[in-house]
Structures are given as structure tokens and as C-alpha cells.
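Fold and geometry: a report
Single-letter residue listing:
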Amino acid sequence: MAENDFIVSKTDLKGRITYANRIFMQMAQRPESELLNIQHNIIRHPDMPRGVFRFLWDTLKQNEEFFGFVKNLCANGDYYWVFANITPDYGFDGQVKGYYSVRRKPPESAIQAVTPLYKEMLAIEQRAGPKEGPGKSIDYLQQFLADNNTSYRDLVLNLYKN
Ligand SMILES: Cc1cc2nc3c(=O)[nH]c(=O)nc-3n(C[C@H](O)[C@H](O)[C@H](O)COP(=O)(O)O)c2cc1C
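Here's a quick rundown of the structure. Just so it is clear, the model here is predicted, and its values are computed rather than measured.

Looking at the site of the ligand
By nearness alone, 14 residues border the ligand, and Asn41, Arg50, Trp57, Asn72 and Arg103 come closest of all. Arg103 is positioned such that a nitrogen or oxygen atom in its side chain is 3.1 Å from a nitrogen atom of the ligand. Within the complex, the protein chains bury 88% of what would otherwise be the 600 Å² of accessible surface of the ligand. Looking at the shell around the ligand, the elements that each hand over two or more residues are helix H2 (50-61), strand E3 (66-73) and strand E5 (96-104). The residue inventory of the shell around the ligand, partitioned by class, reads six nonpolar, five polar and three charged.

Some points on helix H4 (residues 152-161)
Residues Tyr152, Leu155 and Val156 constitute the buried set of H4. For H4, the angular spread of the buried residues around the axis is 90°, confining them to a single face. Elements that come into contact with the buried residues of H4 comprise H2, E3, strand E4 (79-90) and helix H3 (108-147).

Things to note about the pattern of salt bridges
Going through the model one piece at a time under the given rule, you end up with eight salt bridges. Close ionic contact of Lys10 with Asp89 constitutes a salt bridge, the shortest N to O distance being 3.8 Å. Of this pair, Lys10 sits in strand E1 (residues 7-11) while Asp89 sits in strand E4, placing them 79 residues apart in sequence. We note a salt bridge from Asp89 to Lys97, for which the minimum N-O separation is 3.4 Å.

Description of the sheet that holds E5
If you trace the five strands from one edge of the open sheet to the other, you get E2-E1-E5-E4-E3, paired in antiparallel fashion. The outermost strands of the open sheet, each flanked by one partner alone, are strand E2 (17-20) and E3. Between one strand and the next, the sheet's axes are offset by a mean angle of 30°, whatever the strand orientation. Of the pairings in the sheet, the one linking E1 to E2 comprises three bridges and is antiparallel in character. The residue of E2 that forms the bridge with Thr11 is Ile17. Where H2 meets the sheet, its contacts fall on E3, E4 and E5, and the angle it forms with E3 comes to roughly 140°. Sitting on the sheet, H3 touches E3 and E4, and the angle it makes with E4 is about 85°.

A word on the side chain of Asn72
Mapping Asn72 onto the fold places it in strand E3. Asn72 gets classed as buried once you look at its relative accessible area, which sits at 6%. Sequence-distant contacts of Asn72, that is, excluding residues within four places in its chain, are made with Ile43, His45, Asp78, Tyr79, Tyr80 and Val82.

With respect to the environment of Lys161
Looking at the element boundaries, Lys161 is found in helix H4. Using a relative accessible area of 65% as the deciding quantity, one classes Lys161 as exposed.

Quick look at the packing of H3 against H4
One can describe the packing of H3 onto H4 by two numbers: an axis separation of 10 Å at closest approach and a directional angle of 145°. In this structure, H3 crosses over H4, and the sense of that crossing is left-handed. Across the interface between the two elements, Ala110, Ala113, Val114, Leu117, Leu141, Phe144 and Leu145 of H3 pack against Tyr152, Leu155 and Leu159 of H4. Class assignment of the residues belonging to the contact of H3 with H4 gives a composition of 10 nonpolar, no polar and no charged.

Some points on the side chain of His40
Looking at where His40 falls in the secondary structure, it is placed in the loop between helix H1 (22-28) and H2. Side chain to side chain, His40 and Arg103 meet in a polar contact 3.1 Å long.

Each value, and the rule that gives it
- Along each chain, residue indices are assigned from 1 in the same order as the chain's sequence is written.
- This being a predicted model, a pLDDT of at least 70 is required before a residue's local features are given, and a value of 80 or more before pairs of side-chain atoms are given or counted; all residues contribute to the totals for chains, interfaces and linings.
- As a rule here, side-chain values come from all non-hydrogen atoms in the structure, and water together with hydrogens is ignored.
- Think of it this way: one heavy atom of a residue within 4 Å of a molecule or strand is enough to make that residue near it.
- N or O atoms within 3.5 Å of each other form a polar contact, as long as, within protein, one can give a hydrogen and the other can take it, and as long as residues adjacent in sequence are counted only when both atoms are side-chain atoms.
- Here the accessible surface of atoms and residues is derived via Shrake-Rupley with a 1.4 Å probe, and residues count as covered only by protein chains that are part of the display.
- By the criteria applied, helices consist of DSSP H or I runs no shorter than four residues and strands consist of E runs no shorter than two, each listed in order from the N terminus.
- Classification used: nonpolar for Ala, Val, Leu, Ile, Met, Phe, Trp, Tyr, Cys and Pro, charged for Asp, Glu, Lys and Arg, polar for all others including Gly.
- Working definition: with a 1.4 Å probe on protein chains only, accessible area under 20% of the residue-type maximum means buried, over 50% means exposed, and in between means partly exposed.
- Taken from the helix axis, the directions to the C-beta atoms give the arc we talk about.
- Should any heavy atoms of two residues lie within 4.5 Å, those residues are counted as being in contact.
- Here, a salt bridge means any Lys or Arg side-chain nitrogen found within 4 Å of an Asp or Glu carboxyl oxygen.
- Any two strands between which DSSP finds at least two bridges are classified as paired.
- Helix axes are fitted to C-alpha atoms over the stretch in contact, other axes to C-alpha atoms as well, and angles between N-to-C directions run from 0 to 180 degrees.
- Take the far helix as the reference: if the near one is turned anticlockwise from it by less than a right angle, the crossing is left-handed, and if turned clockwise, right-handed.

This is how it looks when you write it as C-alpha cells:
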């Protein structure tokens with residue numbers, strides 16, 4: 001990603017893409033026709049632990065915003081890292097009608113910090129299988145946060161700022 005780029009997308013309540021900006025299309029290497037109405041996991045990279053996405057959805061379901069570092073997949077198999085902020089998208093009636101995500105280029109130091117954490121979470125998931133895996137990898141993440149005397153939000157925001 002370029003320093004001043006913003007990747008933007010919107011989804012419905014199920015995570016199906018309803019809007020993608022041009023930079024999204026360029027980075028994903030997909031035209032709008034391959035993105036609209038498609039599940040956002042179309043750009044999911046296999047190195048990403050499921051626990052991170054479970055945590056993301058749990059956060060959104062509580063009507064809270066999520067911050068995180070995400071490795072995404074391009075159509076040709078390449079990848080790009082983003083610093084993502086995902087928020088509920090409210091209609092005029094005050095009801096959540098979908099979700100909204102804005103991503104910026106993450107600092108290299110943050111990528112270096114989360115890569116081993118995600119690797120360990122992925123290894124835990126692979127050992128535990130698809131049913132138990134995400135819960136177990138979230139347990140590992142919570143323990144990591146406790147050991148470092150921090151919260152998920154503080155960890156991520158500090159990694160972004162530093
Ligand atoms: C607004 C919004 C943006 C999202 N952005 C991404 C993203 O950039 N990359 C990604 O892999 N998943 C993203 N997700 C999460 C996906 O919906 C999905 O949960 C994830 O890719 C894991 O796929 P799975 O649930 O099929 O395992 C986003 C979800 C929402 C609601």
C-alpha cells in the first residue's frame with residue numbers, strides 16, 4: 001500500500017461486499033463485478049488465524065469497532081498487509097444495516113510483531129481442528145495479552161502508533 005492510500009469497503013450484516021473503492025479493487029486485483037455481493041472472505045489469506053476473525057465478528061456483534069492487522073490475498077496469490085478499522089454502519093432508523101471498513105498501510109514494525117503471534121495462533125488451530133481451533137487460538141491471544149499486561153485494543157493501537 002502507498003502511504004496515503006485508504007482501502008474502503010462496506011458489507012451487509014452477513015459480510016457480503018456492497019461497496020469497494022478503487023484502491024480496494026487495485027489491491028485485490030479484482031473488478032467490481034467479482035466483489036459486489038460476494039463474501040468478504042474472498043480476500044482471506046490462509047496465513048490469517050480464524051481466531052482473529054472470530055474476535056472481529058464478536059466485537060462487531062457487540063456494536064463496537066474493531067482494529068486489527070490483516071494479511072489479505074490478491075487474485076494472483078500475492079498478499080498485502082493492512083491496518084483495518086471496521087465499524088457498524090447505522091441507518092437513519094438507528095439500526096445496524098451493515099459494516100464499514102477503512103484500511104491504511106501498517107508500519108513494518110507492527111507486521112513484524114503480529115506475524116509470530118498469528119503463526120502461533122494458526123499452529124494451534126491446525127492442531128485443534130476447525131471446531132475447537134478458533135476458541136483455542138483466542139485463549140492463546142488472551143493469555144498473551146495478560147502476560148503483557150495489555151488489552152487487544154491497546155496492543156493494536158500502540159503497534160500502529162509506534
Ligand atoms: C466490513 C468488513 C470488512 C472485512 N474485511 C476483511 C478483510 O479485509 N480481509 C479478510 O480476510 N476478512 C475481512 N472481513 C472478515 C470476513 O467477513 C471473514 O470473516 C474472514 O475473511 C474469514 O473468513 P471465514 O469467516 O469464512 O473464515 C471483513 C468483514 C467485514 C464485516
